[in-house]
Amino acid sequence: MIGGVWFPDDVWFLDELTPGQLRQRVGSLAQVAGIDRFCEEDGLARGARRFQVRTGSGLVFDVLPDRGLDLGAASFRGVPLAWISPAGHVAPGHAEHAGAGWQRTFGGGLLTTCGLDQFGAPSTDGGQDFGLHGRASSTPAQQVNAVADGRLEVTGRLRQTRLFGENLVLDRTIASGIGSRAITVTDTVTNDGFQSQPHMLLYHMNLGWPLVSPAAVLRVPGSRPVARDADAERGLDFWDRFTEPDPGFAEQVFRHDFAEAGPVEVRLENPELGLALGIRFDTRQLPGLFQWKMLGAGSYVLGVEPANCRVIAGRGAARAEGELPVLEPGESRSYSVSVEVSPTTGTP
C-alpha cells in the first residue's frame, strides 16, 4: 500500500485467468468489467450521452459521444486522474465558438479533442475567423458503437462540414481490455471534400490533483522545452515541477522539441501516491507537444498536448510559419495516443 494505491508485485489477478476461466467464475462479465451507458438529465449536460468504461483493473473512465468522443472523468482504484473544469460535462448545444468562447464549455477531462481545422489561439486565416481550439470537442459523434466482450471498445465518427467550406471526417476508436490499465485512442481524419483543406489536431489531455501535486515530476525524455511567452520564460527552469495551488498563478505554456522523431512516452510520476501516468505517441504523426502548466486555485491542472502541428498561436500563424498541415481531397491521416497507469517508487 503506497499512498492509498495498491499494486501487486507483478500482475493483477485477472491477468492470470484465461477468458474461459474468467467466465467460469462470474455470471456475467459485467461483474468485473464493462461499458455502461447513461444520458444526463440535469443542468447544462442534460440530454448528453455518457459511457462509463470499467476495465476490471481499477481503471474507470468516461467516454462522451456528444462531446467529440472525448474522454471525461477517469480514476484508478478510486484515485482521480483527470482534472474536471468548473463547467464539467456540458451538452454540445451550449458551445460558443467565437473568440475564447470555447472556455465556457471546456470540461477538462482526460482528453479534449481540439481541431479539426484549427487549434490554439483565436485566429484569422483567409478572411475567416477561427475560435480557440476549434469545433471538434462540441461535435456530437454519429455511428457510435460500444463492444464489451473481452475487448472494451467504443467507436464513432465526427463530421465537421460547412457549405462551401471544409468536409472533414474523423473516425475514432477508443480501446482497452479486461484487466487493462491502458486506453488507446486511434483516429483517422479524411478530407471528404473536393478541395485541399487545412487540418489541425491537438489532443488536450488534462491531469489533475492528487496526481498533480508538489510531489509529482513530469518526464519528457529527449525534449527541449521552449517557453511560449514571458510568463512561461519565468518558469522555464521549473517546467517539470509543481507547487501548491496559487490564486495568482499565470498559466505557462511550453513547446517540447524532440531531437529525434519516433515513439515517445511522457510520464507524470507521483511517488507519494506510488502512481504514474504515461502518455505515448509517435512524433512522426504528432510532431508537436505542448505543455500547459496551470497551478491556479480551482484551475490546478497539467495539460499534456500532442499535436500534428508545432504552432500553438492558431491557424493563421501556422500558415505564416509554413507549418500548416493540409489534406488533399480524399486523403486520410491516422494518429494514435495511449494512456497507461503504472506503479512508481522513489522520489522525484
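To be clear, the structure that these remarks concern was listed above.
Along every chain, residues carry numbers that run from 1 in the direction the sequence is written. Two thresholds apply to this predicted model, a pLDDT of at least 70 for residue-level local features and 80 or more for giving and counting side-chain atom pairs, whereas whole-chain, interface and lining totals are computed over all residues. With hydrogens and water excluded, all non-hydrogen atoms of the structure serve as input to the side-chain values.

Draft legend 1. Geometry of the overall build of the protein chain. A count of helical and extended segments in the protein chain gives three helices and 23 strands. Restricting the calculation to C-alpha atoms gives the radius of gyration, and the globule rule supplies 2.2 Å times the number of residues raised to the power 0.38. At 20 Å, the protein chain has a C-alpha radius of gyration in line with the 20 Å of a compact globule built from 348 residues. Buried, partly exposed and exposed residues are distinguished by accessible area as a fraction of the type maximum, computed with a 1.4 Å probe on protein chains only: under 20%, between the cut-offs, and over 50%, respectively. Considering the protein chain as a whole, with its 348 residues, one finds that 55% of them fall into the buried category. For every accessible area listed, the method is Shrake-Rupley and the probe measures 1.4 Å; residues are considered covered only by the protein chains on display. When the accessible surface of the protein chain is summed, it comes to about 15,100 Å², and 49% of that surface belongs to carbon and sulfur atoms. Only runs of H or I of at least four residues qualify as helices and only runs of E of at least two qualify as strands under DSSP, and these elements are numbered from the N terminus.

Draft legend 2. The packing of aromatic side chains, seen in detail. Aromatic rings from Phe, Tyr and Trp, with only the six-membered ring used for Trp, were paired whenever their centres fell within 6.5 Å, and each pair was classed as stacked if the ring planes differed by under 30 degrees, edge-to-face if by over 60, and tilted otherwise. With the rule as written, the count across this model stands at five aromatic pairs. Arranged with centres 6.2 Å apart and planes meeting at 80 degrees, the rings of W83 and W292 form a pair that is edge-to-face. Of this pair, W83 sits in the loop between β5 (79-80) and β6 (112-116) while W292 sits in strand β20 (residues 288-295), and the two are 209 residues apart along the sequence. Seen in terms of ring centroids, W102 and F106 are 4.4 Å apart; in terms of plane orientation they differ by 20 degrees. Their pairing is stacked.

Draft legend 3. Spatial organisation of the side chain of S213. Looking at the element boundaries, S213 is found in the loop between β14 (200-208) and β15 (217-219). Pairs of N or O atoms within 3.5 Å make up the polar contacts considered here, provided that, within protein, one atom can donate a hydrogen while the other can accept it, and that residues adjacent in sequence are counted only when both atoms are side-chain atoms. Within the local environment of S213, its side chain forms a polar contact with the side chain of N270, the two groups lying 3.1 Å apart. Contacts are assigned to residue pairs with any non-hydrogen atoms lying within 4.5 Å of each other. Look past the residues within four positions of S213 in its chain and what remains in contact with it is F242, N270 and Y300.

Draft legend 4. Structural context of the pairing of β6. Taking burial as the measure, the five residues of β6 include five buried ones, the bulk of the element. Across five bridges, β6 lies against β14 in antiparallel orientation. Looking across to β14, one finds that G115 is bridged to L201. Two strands are said to pair when DSSP picks up at least two bridges between them.

Draft legend 5. Representation of the sheet that holds strand β4 (residues 70-76). What the five strands build is an open sheet, ordered β1-β2-β3-β4-β5; its pairing is antiparallel. Taken across any chain shown, the strands that pair with only one partner, and hence form the sheet edges, are β1 (34-39) and β5. Pairing of strand β3 (residues 59-64) with β4 involves five bridges; the strand directions are antiparallel. In the sheet register, L64 faces β4, and the bridge partner there is D70.

Draft legend 6. Main features of the pattern of salt bridges. Throughout this description, the term salt bridge denotes a Lys or Arg side-chain nitrogen within 4 Å of a carboxyl oxygen of Asp or Glu. What the rule picks out here adds up to 30 salt bridges. Taking the shortest distance from any N to any O, the salt bridge between R267 and E269 comes out at 2.9 Å.

Draft legend 7. Summary view of the environment of V90. Within the secondary structure layout, V90 lies in the loop between β5 and β6. Of the residues examined, V90 reaches a relative accessible area of 1% and is grouped as buried. The contact partners of V90, leaving out residues within four places of it in the chain, are L44, A45, R67 and T105.

Draft legend 8. Quick peek at the sheet that holds strand β17 (residues 252-258). Spatial ordering of the open sheet is given by β6-β14-β21-β20-β17-β16, a layout of six strands whose pairing is antiparallel. Since the sheet does not close on itself, it has two edges, and those belong to β6 and β16 (223-227), each with one partner. On average, adjacent strands in this sheet sit at an angle of 20 degrees to one another, irrespective of strand direction. As paired strands, β17 and β20 are joined by four bridges and run antiparallel to one another. Axis definition: a line fitted to C-alpha atoms, over the contacting stretch in the case of helices. Angles run 0 to 180 degrees between N-to-C directions.

Draft legend 9. Local environment of unusual backbone geometry. A cis amide bond links G115 with the next residue in sequence, L116, at an omega value of 5 degrees. With respect to the helices, strands and loops of the structure, L116 is situated in strand β6. For the peptide bond that leads from W209 to P210, omega is 5 degrees, which places it in the cis range. With respect to the helices and strands, the residue P210 is situated in the loop between β14 and β15.

Draft legend 10. Region of interest: the side chain of D187. Within the secondary structure, D187 sits in strand β12 (residues 182-191). Classification of D187 by relative accessible area gives buried; the value is 0%. Polar contacts involving the side chain of D187 include one to the side chain of Y203, which spans 2.7 Å. Setting aside chain neighbours within four positions, we find D187 in contact with L170, D171, R172, Y203, R333, S334 and Y335.

Draft legend 11. The arrangement of the state of the cysteines in detail. Criterion for a disulfide: a pair of cysteine sulfur atoms within 2.5 Å. Within this structure, the stated rule accounts for zero disulfides. C114 forms no disulfide, and the closest cysteine sulfur to it belongs to C309, at a distance of 13 Å. You can call C114 buried: its relative accessible area is 0%.

Draft legend 12. A look at the environment of G108. As for its placement among the helices and strands, G108 is situated in the loop between β5 and β6. The spacing of G108 and V301 is 193 residues in sequence and 9.1 Å in space, taken between C-alpha atoms.

Draft legend 13. Structural view of the environment of R310. The residue R310 is located in the loop between β21 (300-307) and α3 (315-320) in this model. In sequence terms R310 and L289 are 21 residues apart; their C-alpha atoms lie 7.2 Å from each other. Sequence-distant contacts of R310, defined by excluding residues within four places in its chain, comprise R255, D257, P287, G288, F290 and E323. At a separation of 3.0 Å, a polar atom in the side chain of R310 contacts the side chain of D257. Among the polar contacts listed, one links the side chain of R310 to the side chain of E323, at a separation of 3.0 Å.

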